[in-house]
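Here's the letter readout for the chains.
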Amino acid sequence: MDIINILKDFSSINAPSGCENAAAVKAAQLLSQYSDDVRTDKLGNVIACIKCGKENPKKVLLDAHLDEIGMVVTGQQDGFLRFACVGGIDPRMLPAREVVVMTNNPVRGVVTCLPPHVQTASQMSQSVPVDKMFIDAGLIEQQAKDLIPIGTNIVFDDAFCRLANNIVSGKAMDDRACFTSIILTLELLKDVNLDFDLYVMGSTQEEVGTRGATAGVFPIAPDYAVAIDVTHAHTPDADSEKTLKFKGGPAVGYGPSMNRKMSKAFTELADENNIPNQIEVMEGHTGTNGWPIYVSREGVPTSVLSIPIKYMHSPCETMAICDLENTSALLAEFLKNPGRWM
């Protein structure tokens, strides 16, 4: 399986929260290789079921979200576009960024920035609030109004690239890398007879409040679930107590919002199979779809497995392919050994 090209194609799709259709189509296509039962629900979640063929089986859910952070047009002024953020974006990294305005015929633009030559001393020492920024798409006023309606979505321009040592960088690694890891897991399990029905959900609107998973998990009513998301990898300028090791393998979540037996099984299986892994303490709300799944209906025993990436919520999210592959390897071992956690 050419995992890098799958990830490149998948992460390059423009699909901000609430506008995931194109990513959902691709997700359904990827899942159809492993299941004849693939559907899309009312919130746009893509859900596949791989049945084990046994009577009254347990149901296990794997979730990774399809949406990415983005922006939305809120107005036009002198041919420039006003915008607001969709999801968590640090305004300090927006000036001079290249973006794609998602009209029927996509329009490229750049976020405006004042050169240092024309800034005052106070401007130089402060970040510009988003409501004071504009996007320049090279349009005159009437063109902006005619071509780009208010409410049009915006994403960072795709910049997928391969760095040294099998490291990749680009937009939407959060969370397309994790959905890709699920696809690789299914490939690893294609000749394995599971003891339960396996559900996979590519969920929507995680970046704006885990909405897709909240609705999507309800009709599935799984007996167990694993949410796969990204976490923060260490860089020299980061607090080592708030980050994890890059190329250190998947991070297994431990905390009150996760099932400890499942977390322990992940850690033990990783060690037994020589799969690099690390522990991430999540002392409260996990900030992932693991939370709404965990408290769905009467409660669902849930674990969170995370791929460490650098520069989260930016156009250059950076990940080691070995961390994705080790996440898939561990997830496959976990699913092959339900007696350890059921």
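Reading guide: rules and limits
Going along each chain's sequence as written, the residues are numbered from 1 onward. Reporting in this predicted model follows two pLDDT cut-offs: at least 70 for local features of residues, and 80 or more for side-chain atom pairs to be given and counted; totals over whole chains, interfaces and linings ignore these cut-offs and use all residues. To obtain the side-chain values, all non-hydrogen atoms of the structure were used and water was disregarded. Each reported salt bridge corresponds to a side-chain nitrogen of Lys or Arg within 4 Å of a carboxyl oxygen of Asp or Glu. For helices the rule is a DSSP run of H or I covering at least 4 residues; for strands it is a run of E covering at least 2, with both sets numbered from the N terminus onward. Note on exposure labels: buried denotes an accessible area under 20% of the residue type's maximum, exposed denotes more than 50%, and partly exposed covers the range between, all computed with a 1.4 Å probe on protein chains only. Residues count as neighbours in contact if any of their non-hydrogen atoms are within 4.5 Å of one another. Here, any two strands with at least 2 DSSP bridges between them count as paired. Lines are fitted to the C-alpha atoms to define the axes, a helix being fitted only along its stretch in contact, and any angle between axes, read from their N-to-C directions, falls within 0 to 180 degrees. By convention a nonpolar core is built from buried Ala, Val, Leu, Ile, Met, Phe, Trp, Tyr and Cys residues, the set being connected through side-chain atoms within 4.5 Å. Here a Phe, Tyr or Trp ring, Trp counted by its six-membered ring, pairs with any other such ring whose centre lies within 6.5 Å, and the pair is stacked when the planes are under 30 degrees apart, edge-to-face when over 60, and tilted otherwise. The labels follow the angle: roughly parallel below 35 degrees, roughly antiparallel above 145, roughly perpendicular from 65 to 115, and oblique for the rest. By definition, turning the near helix anticlockwise from the far helix through less than a right angle yields a left-handed crossing, and turning it clockwise yields a right-handed one.

### A look at the pattern of salt bridges
- All told, the structure shown has 10 salt bridges when counted by the stated rule.
- Residues Lys171 and Glu68 are paired through a salt bridge, measuring 3.1 Å at the closest nitrogen-oxygen approach. Separated by 103 residues along the polypeptide, Lys171 in the loop between strand 11 (167-170) and helix 5 (173-188) and Glu68 in the loop between strand 3 (58-65) and strand 4 (70-77) bring together distant segments of the chain.
- Residues Arg108 and Asp157 are paired through a salt bridge, measuring 3.2 Å at the closest nitrogen-oxygen approach. Taken as a pair, Arg108 in strand 7 (residues 107-111) and Asp157 in the loop between strand 9 (153-156) and strand 10 (161-163) lie far apart in primary sequence, 49 residues in all.
- Given a relative accessible area of 14%, Asp157 falls into the buried group.
- Overlapping salt bridges bring together Glu68, Lys171 and Arg176 as one network.

### Section: the environment of Gly151
- Within the secondary structure, Gly151 is located in the loop between helix 4 (141-147) and strand 9.
- We classify Gly151 as partly exposed; its relative accessible area is 40%.
- C-alpha separation for the pair Gly151 and Gly75, spaced 76 residues apart in sequence, amounts to 8.4 Å.
- Filtering out sequence-adjacent residues up to four positions away, Gly151 remains in contact with Val72 and Val73.

### Here's the deal with the environment of Gly79
- Secondary-structure assignment places Gly79 in the loop between strand 4 and strand 5 (80-86).
- Given a relative accessible area of 2%, Gly79 falls into the buried group.
- Not counting residues up to four positions away in its chain, the partners in contact with Gly79 are Leu139, Ile140, Glu141 and Ala144.

### Concerning the sheet that holds strand 1 (residues 37-40)
- One open sheet accounts for eight strands, arranged 1-2-12-3-13-16-14-15; its pairing is mixed. The open sheet terminates on both sides in strands that have one partner only, identified here as strand 1 and strand 15 (278-281). Going across the sheet, the axis of each strand differs from the next one's by a mean of 25°, ignoring polarity.
- In terms of strand pairing, strand 14 (residues 251-254) meets strand 16 (residues 302-309) through two bridges, oriented antiparallel.

### Some thoughts on the nonpolar core
- By size, the foremost hydrophobic cluster in this structure holds 58 residues, and its most contacted members are Leu7, Leu62, Phe179, Val226, Met319, Phe334 and Leu335.
- Not counting the four nearest positions on each side in its chain, Leu335 is found in contact with Val60, Leu62, Thr185, Leu189, Leu194, Phe196, Leu198 and Trp341.
- If you look at the next biggest cluster of nonpolar residues, it comprises 21 residues, including Phe83, Met93, Val101 and Leu139.

### Looking at the packing of aromatic side chains
- Summed over the entire model, instances satisfying the criterion amount to seven aromatic pairs.
- Both rings, one in Phe80 and one in Phe134, keep their centres 6.3 Å apart while their planes meet at 70°; by these two values the pair is edge-to-face. Residue Phe80 is located in strand 5, and its partner Phe134 is located in the loop between helix 3 (121-124) and strand 8 (135-136); the two are separated by 54 residues in the primary sequence.
- The exposure class assigned to Phe134 is buried, which follows from its relative accessible area of 19%.
- Taking 5.3 Å as the distance between ring centres and 80° as the angle between the ring planes, the aromatic pair formed by Tyr224 and Trp341 counts as edge-to-face. With Tyr224 in strand 13 (residues 224-232) and Trp341 in the segment after helix 9 (321-336), the pair connects residues that are 117 residues apart, well separated along the chain. Across this residue pair, the class does not change: Tyr224 and Trp341 are buried.

### Re the packing of helix 2 (residues 21-31) against helix 5
- One can describe the packing of helix 2 onto helix 5 by two numbers: an axis separation of 10 Å at closest approach and a directional angle of 15°. Accordingly, the angle class assigned to the pair helix 2 and helix 5 is roughly parallel. Judged by the twist between their axes, the crossing of helix 2 over helix 5 is right-handed. Residue-level contacts link Ala23, Ala27, Leu30 and Leu31 of helix 2 to Arg176, Phe179, Ile183 and Leu186 of helix 5.

### Structural notes on the pairing of strand 13
- With eight of its nine residues buried, strand 13 lies for the most part within the structure.
- Pairing analysis gives four bridges linking strand 3 to strand 13, with the strands arranged parallel. Bridge pairing links Val60 to Tyr224 in strand 13.
- Bridge count for strand 13 against strand 16 is eight bridges, and the pairing is parallel. Directly across from Ala225, in strand 16, lies its bridge partner Thr302.

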